[in-house]
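As a plain string of letters, each chain reads:
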Amino acid sequence: MYKFAIDRGGTFTDVFAICPTGQIQVMKLLSEDPDHYKDAPLEAIYKILSSQLPDKYTKRCNIDTKHIEWIRMGTTVATNALLERKGEPIALVVTKGFKDILEIGNQSRDDIFELNIKRPQLLYEEVIEVDERVVIKQDVCQINNKTCEVVVGNTGDYLEIWKPINLQVLRQNLEKVFAKGIKSLAVVLLHSYTFPKHEELVEKVAKDIGFTQITLSSHVIPMVKVVPRGLTACADAYLTPHIKDYIKGFSSGFRNGLQDLNVLFMQSDGGLASVNKFSGCRSILSGPAGGVVGFAHTTYDDLGNDLPIIGFDMGGTSTDVSRYSNAFEHTFETKTAGITIQTPQLDIQTVAAGGGSKLYFRDGLFVVGPESAGAYPGPTCYRNNGSLTVTDANLCLGRIIPKYFPKIFGPQKDQPLDIKETNNAFIKLTDNINEFLEKSESYEKKLLTVEEVAIGFVKVANESMCRPIRAITQGKGYDTANHILACFGGAGGQHACAIARSLGMSKVFIHKYSGILSAFGMALADVVHEETIPTSFEYNIKYFDEMDKRIINMINKCNKELKLQDFKDEDIKVEIYLNMRYEKTDFPVMTQTDGLTKDSSQFCSEDNFKNSFLTLYKREFGFTLSNRNILVDDIRVRGIGSYNELKFSQKSSEKSNSMPQLIDETNCYFEYLGHLKTPIYLMNDLKYGHQIDGPAIIIDTNFTVLIEPNCRADITQKGNILIEVKRLKQTFLGTNLDPIQLSIFSHRFMSIAEQMGRVLQRTSISTNIKERLDFSCALFGPNGGLVSNAPHIPVHLGSMGKAVEFQLKHLKDDLHSGDVILTNHPLAGGSHLPDLTVITPVFYSNDKKPIFFVANRGHHADIGGLTPGSMPPHSTSIYEEGAAIISFKLVKDGVFQEKGITDILMSPSKYKGCSGTRNLSNNLSDLRAQVAANQKGISLVTELIDFYGLDVIQAYMRYIQSNADLSVRQMLKQTVETLKTNKLFATDYMDFGSKIELKIEINETTGDAVFDFTGTDEEVYGNCNAPKAVVLSAVIYCLRCLVGHDMPLNQGCLSPIQVIIPDNCILSPAEDAAVVGGNVETSQRITDVILKAFGVCAASQGTMNNITFGDENIGYYETVAGGSGATAISHGTTIHTHMTNTRITDIEIIEKRYPIIVQSFTINRGSGGTGRFNGGNGVIRQLLFRKQLILSVLTERRVFSPFGMNGGNPGKRGKNLLKISKSGRTISLGSKTSVEVNAGDLFHLETPGGGGYGQSCQ
């Protein structure tokens, strides 16, 4: 019987078929071709069967299933529906008070420099709020609620039912929505991960009414965190009906439908599922998952499992990379089309660089993507007036041979690739580049050839594709070079050798079916059924029996499901995972342990999972914590039914002693070598034992492989390609500026800062750094000038450079190898005291002075001072805000100075009313993480220096800064041209009346500018004084926003700018002035004033809405989103704005760990200023306190409204109210205060809306 494995992709459908004779048939056809067929997989099956059984298919008819043993499919149907928003209309059913919780999300923005902020379109059309409430029972709770029912949740937690569901009202609301034609529901109630009963009641009523798709968040993924769980439920409700419709259409192509036919679909986790188990939220990575399964099995099958593998799948618009080392690596939260999906998925990283990525030359940089030419119009060579792309560059260099490429282009779809048009486009682009180089004084007067330009773009594309590979290897503690690169997909073979060489890898593996490897992966995959339950157990002997009972129950469920699909007991195995974390941390580790089977007598013991967790945690985060409880958040059992029939059949062939058959030759261009005669071979002609030295090209129907010079391809015993890539000595790269190398170093320097950030996030322990991402990492030159700063938190951007410069001047010759400096004082380039900056000088070889610096800045939850959280709203001196550090050697001669830093962090207790740090252990852990992040940066830059030489690296550090200088100057000149003036002015006021005034004068000839803050009011008695470093951060942030495209973010941005700040004003306070509010509040006002002067957008909310509460035992800090300002082309939105971009902690996490209840969290509709484009709305957030605490608020825009622009109306002011339980009074807290709250008191926060832009058309 016939077996079909099919990957229905966005552009092409790939098919791998096994005939009864054992013959293999491979096919590739367009996924959409309505003029010729209605469905590509059906067409492929029909074509293969009709060619094999012509007497059975004399004319087109439905397919007879009796000839088919099985069909396995992966499909992008769900992904495309999500991208194009073409799913089923749905309604969201959510706990009352949280109708906007999924729209608010985690409140961070994806692109921190985008003023025209675009939020993803919501999936639901209607919202039904259910007046119900379940809360976690807490022993410390002082609210008297004795009448409520207490239940035990699935996690073992006790819960209180504060408000049961009113089923009559629920039915009425559901019927109204049903009457509007909506038949699909996503149900998301708070704490349903542990108490699903209320969601199940909703399901029962909805079924009775007639809803056809009801997705319960508690069933689809029973894990804590309501936002990702809710978004996942919405995606499932939105996509599952769409998938069912597709399956119904597919089924209609068979004579008896899919009855008695074994049809399985690939899920995002790399396992197959039966038709009735295939759902929307588990199908997003269906096609790519097949590729991962394919490269994992085929590479290990051929080469063994000595080395881990990197999968490299380069397509038209993007490239997917993944890692495999004896087991699939899963992740549990990803984002697709703006929607967070929280289900088990293969860990696949995607970068927007592929064959169709557009090529640009911008301000001296070669830029590849992220925009894609798409399938239509496609690259220039597609004959549709498309843009120059990476595909065109390969064609220009001779790496794609039109003669061997399908003739499917032009009006009649019968023409070859248009190499003439590609070459003409490259000639024009080369002329533009050379014109720029001739005019610039910075570059050599050497003109580039067309081929040099084309190879330059290919090198830049390669570097952008190397970045995600480094992220999944180096970023997780693995050595990239110690991997095999498994390349598949249509375009990857042209880049594989170069990418392997860039990453230090010596082997590239390309399977003979690499052009359709995702389809082949479907044939090799196992059937998987998973069970997941949430828990709240400590991992200790007290709970082992209870956990074992749950594991046994889950194993039985998996066995039952797989046996229903005709698997025998011996073909079923299970993988058991505990999702474990340290108490008071936020990053669980999905932990598996060796030696367990489904028949084990005991699953949890003192050693097994605990030791595995400690090993994984040490590798992932760089440390373990002693004397800290380990908690189990979830138990996960993965049942696997294995088909062994295909893991067979790649039969080994006998070794050939003949020479490989040469079919043609071409001229290929290679860097430094020029044009070389390059032999061409057909894959079908190659046999085991054939060796091909580069340069050479191997062509298959579905892929092309370039064997570069100094590489050798061997055909393996199983007929695949193994390329040995020789490590070359670096061709001497001079210190003269080269635009191609400049573009590559721009990627490399930024990649270093990004990887430092990943290490810091991984190795830190506090919520602020690990979860809210309140940190930044950067690389600095020998003079302290910023070279690259990963775009983390805007308020950190320009200020860290001043901190490095200060230490250079302060310590002078007292900087030695093995030293790490800690600072946070505004005098020393600090922002505010909770932001601790860790600076490491780097010495190379025998240099006596630092050759560069790495640094990071992280917000610590508490460093002492007047109030928990170290954000006192009423401080008047810096010493009331916590430990103030001008310069301290945190590490000296390689030794961490724990006693010294402990003394410093406890020192604020000597001031009246102040305490030392309230969480010393977290401080010390996070400081060690910051040291580790710097060490990562040092190793990566040292690696670059070893390869290129110190003089080259330092030269390109300067050149990168000069390039940023050029981009800013170009923007400023354009501003004068657009506004018809070189003088700009703006002013605005803080809530306490202080004025911030700015005059800007631009030299339209040179692009220099003066930013003069003269006229700004005096230093204030409170804490809204902003250090000069914060002003520079605001300036550099605004300049980067105004440039409007990707550019290196470094000190060069400020080179054309002279910033004048008068002494003793609010932007230049005295050494001991309080500044905690200046960093978080005044910085927002400075930003509004600068952008107002340029006239680009109305005021955003103008505050971070800093909320802290706590006592001597606990402390919590959050900043809350509001409205962004409208611009000339877009409405504002509800999000964190400008100088911050921290995430907000999920409601279920807050209520589980802290003595508060979040009563509501909604968008304050109508709070954004109206105009031609409306400002974004603020939010309303209500916190109910369960015990006595200290509440502190540090906010702005409670007096002066966020201004509109060009006739737009102002946004609504914010409001801080406290509703006192005992007296029933409601009082306004004003902008800034600290107050004692009691059990039952309610804090009501309204954040400001953004200003509108332009006069309303109404």
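Q: Mind showing me how you'd approach the overall build of the chain here?
A: A tally of helices and strands in the chain yields 24 helices and 58 strands. Its C-alpha atoms give the chain a radius of gyration of 31 Å, within 12% of the compact-globule value 33 Å for 1258 residues. With respect to the principal axes defined by its C-alpha atoms, the chain has extents near 95 × 80 × 65 Å. Per-residue burial over the chain gives 64% buried out of 1258 residues.

Q: Help me understand helix H1 (residues 40-52) in this model?
A: The α-helix advances 3.6 residues per turn, and as a result positions three or four apart in sequence lie on the same side. Here H1 spans 18 Å end to end across 13 residues, near enough to the 18 Å set by a 1.5 Å rise per residue. With respect to burial, H1 is a largely interior element, ten of its 13 residues being buried. All of the buried residues along H1 are Ala 40, Pro 41, Leu 42, Glu 43, Ala 44, Ile 45, Tyr 46, Ile 48, Leu 49 and Ser 50. In this structure, the buried side of H1 is in contact with strand S1 (2-8), strand S2 (12-18), strand S3 (24-30), strand S4 (68-75) and helix H7 (226-251).

Q: Would you mind going over the nonpolar core with me for this structure?
A: As a rule of thumb, soluble globular proteins bury nonpolar side chains together. Counting 97 residues, the largest nonpolar core has Phe 426, Leu 485, Ile 723 and Phe 749 as the members making the most contacts within it. Of all the elements, helix H11 (residues 450-472) adds the most residues to this core, at twelve residues. Aside from chain neighbours lying at most four places away, what touches Leu 485 is Ile 310, Phe 312, Ile 469, Ala 496, Ile 499, Ala 500, Met 505, Lys 507, Val 508 and Phe 509.

Q: Could you clarify how one ought to interpret the sheet that holds strand S33 (residues 696-699) in this entry?
A: Strand pairing within a sheet occurs via backbone hydrogen bonds; the two strands may be parallel or antiparallel. In spatial order, the strands read S30-S31-S33-S34; together these four strands make up an open sheet with mixed pairing. Among the strands making up the open sheet, the edge pair consists of strand S30 (664-670) and strand S34 (704-707). Shown here is a sheet whose adjacent strand axes are inclined to one another by a mean of 30°, direction ignored. Here S33 pairs with S34 via four bridges, running antiparallel. If you follow Ile 697 over to S34, its bridge partner there is Leu 706.

Q: Hey, could you run me through the packing of aromatic side chains in this one?
A: Ring pairs (aromatic) are described by centroid distance and by the angle formed between their planes. Scanning all chains against the criterion turns up 35 aromatic pairs. Both rings, one in Phe 1011 and one in Phe 1094, keep their centres 6.3 Å apart while their planes meet at 40°; by these two values the pair is tilted. Taken together, the positions of Phe 1011 in strand S46 (residues 1009-1012) and Phe 1094 in helix H23 (residues 1076-1094) put the pair 83 residues apart, joining distant regions of the chain. Between the aromatic rings of Phe 1109 and Phe 1185, the centroid separation amounts to 6.1 Å while the plane-to-plane angle is 80°, which identifies the pairing as edge-to-face. Here Phe 1109, found in strand S48 (residues 1106-1110), pairs with Phe 1185, found in strand S53 (residues 1178-1185); they are 76 residues apart in sequence, far enough to count as distant. By the burial criterion, Phe 1109 is buried, and Phe 1185 matches it. Clustering of aromatic rings is evident, with ring pairs tying together Phe 745, Phe 749, Phe 947, Tyr 948, Tyr 956 and Tyr 959. Its end group placed over the ring of Trp 70, Arg 72 keeps NZ or CZ at 3.7 Å from the ring centre. Across from the ring centre of Tyr 577, 4.4 Å away, lies the NZ or CZ of Arg 636, which sits over that ring.

Q: Help me understand the pattern of salt bridges in this model?
A: Oppositely charged side chains can form a pair if their charged atoms are brought close together. Applying the stated criterion to the full structure yields 55 salt bridges. Across the pair Lys 3 and Glu 69 runs a salt bridge, and its minimum N-O distance is 4.0 Å. In this pair, Lys 3 is assigned in strand S1 and Glu 69 in strand S4, connecting sequence segments 66 residues apart. On the accessibility criterion, Glu 69 (34% relative accessible area) is partly exposed. One salt bridge connects Lys 335 with Asp 110, and the closest N-O pair in it is separated by 3.5 Å. Of the two residues, Lys 335 sits in strand S18 (residues 334-336) while Asp 110 sits in the loop between helix H3 (101-104) and strand S6 (124-130), which places them 225 residues apart along the sequence. According to the relative accessible area criterion, Asp 110 is exposed, its value standing at 68%. Via salt bridges that share partners, Asp 988, Arg 1085, Asp 1088, Glu 1196, Arg 1197 and Lys 1232 belong to a single interconnected network.

Q: In this structure, what is going on with the packing of helix H19 (residues 898-906) against helix H20 (residues 920-948)? I would like to understand it.
A: Two packed helices can be described by the angle between their axes and the distance between those axes. The interhelical angle for the contact between H19 and H20, taken along N-to-C directions, is 130°, at an axis separation of 11 Å. As judged from the angle between their axes, H19 and H20 are oblique. As H19 packs across H20, the resulting crossing turns out to be right-handed. For the pair formed by H19 and H20, the contact residues are Glu 898, Ile 901, Thr 902 and Leu 905 on the first element and Leu 920, Asn 923, Leu 924, Leu 927 and Arg 928 on the second. Considered class by class, the residues forming the contact of H19 with H20 number five nonpolar, two polar and two charged.

Q: Would you take a moment to explain helix H21 (residues 950-979) for this structure?
A: Taking 1.5 Å of rise per residue, 30 residues should cover 44 Å, and H21 covers 44 Å from first to last C-alpha, within 8% of that figure. Immediately beyond the C-terminal end of H21, within one or two residues, lies Lys 980, with a positive phi of roughly 60°.

Q: How should the sheet that holds strand S57 (residues 1232-1237) be read in this particular structure?
A: If you walk across this open sheet you meet the four strands as S49-S48-S54-S57, and the pairing is antiparallel. One side of each edge strand has no neighbouring strand; the edge strands of this open sheet are strand S49 (1115-1119) and S57. For this sheet the average axis-to-axis angle between neighbouring strands, irrespective of direction, equals 15°. Inspection of the sheet shows strand S54 (residues 1189-1194) paired to S57 by six bridges, in the antiparallel sense. Of the residues in S57, the one forming a bridge with Leu 1189 is Val 1237. Running at roughly 50° to S54, H23 makes contact with S48, S49 and S54 of the sheet.

Q: Would you mind showing me how to read unusual backbone geometry here?
A: Leave glycine aside and you will find that most residues have negative phi; peptide bonds, for their part, are mostly trans. Cis geometry marks the peptide bond from Gly 369 to Pro 370; its omega dihedral reads 5°. Mapped onto the elements of the fold, Pro 370 is located in strand S23 (residues 365-372). The phi angle at Lys 225 is positive, at roughly 105°, despite the residue not being glycine. Locating Lys 225 in the fold gives a position in the loop between helix H6 (217-220) and H7. In this model, His 1138 sits at a positive phi of 50°, which is unusual for a non-glycine residue. Mapped onto the elements of the fold, His 1138 is located in the loop between strand S51 (1134-1135) and helix H24 (1147-1153).

The rules we used
Residues numbered from 1 in each chain as written. Predicted model: local features only at pLDDT ≥ 70, side-chain atom pairs only at ≥ 80, totals over all residues. Heavy atoms only, no water. Helix = DSSP H or I, 4+ residues; strand = E, 2+ residues; numbered from the N terminus. Rg over C-alpha atoms; globule rule 2.2 N^0.38 Å. Buried < 20%, exposed > 50% of the residue type's maximum accessible area, 1.4 Å probe, protein only. Expected span 1.5 Å × (residues − 1). Contact = heavy atoms within 4.5 Å. Core = buried A, V, L, I, M, F, W, Y, C linked by side-chain atoms within 4.5 Å. Pairing = 2+ DSSP bridges. Axes fitted to C-alpha atoms, helices over the stretch in contact; angles between N-to-C directions. Phe/Tyr/Trp six-rings, centres within 6.5 Å; stacked < 30°, edge-to-face > 60°. Lys NZ or Arg CZ within 6 Å of the ring centre and 35° of its normal. Salt bridge = Lys/Arg side-chain N within 4 Å of Asp/Glu carboxyl O. Parallel < 35°, antiparallel > 145°, perpendicular 65-115°, else oblique. Left-handed = near helix turned anticlockwise from the far one by under 90°. Nonpolar A, V, L, I, M, F, W, Y, C, P; charged D, E, K, R; others polar.

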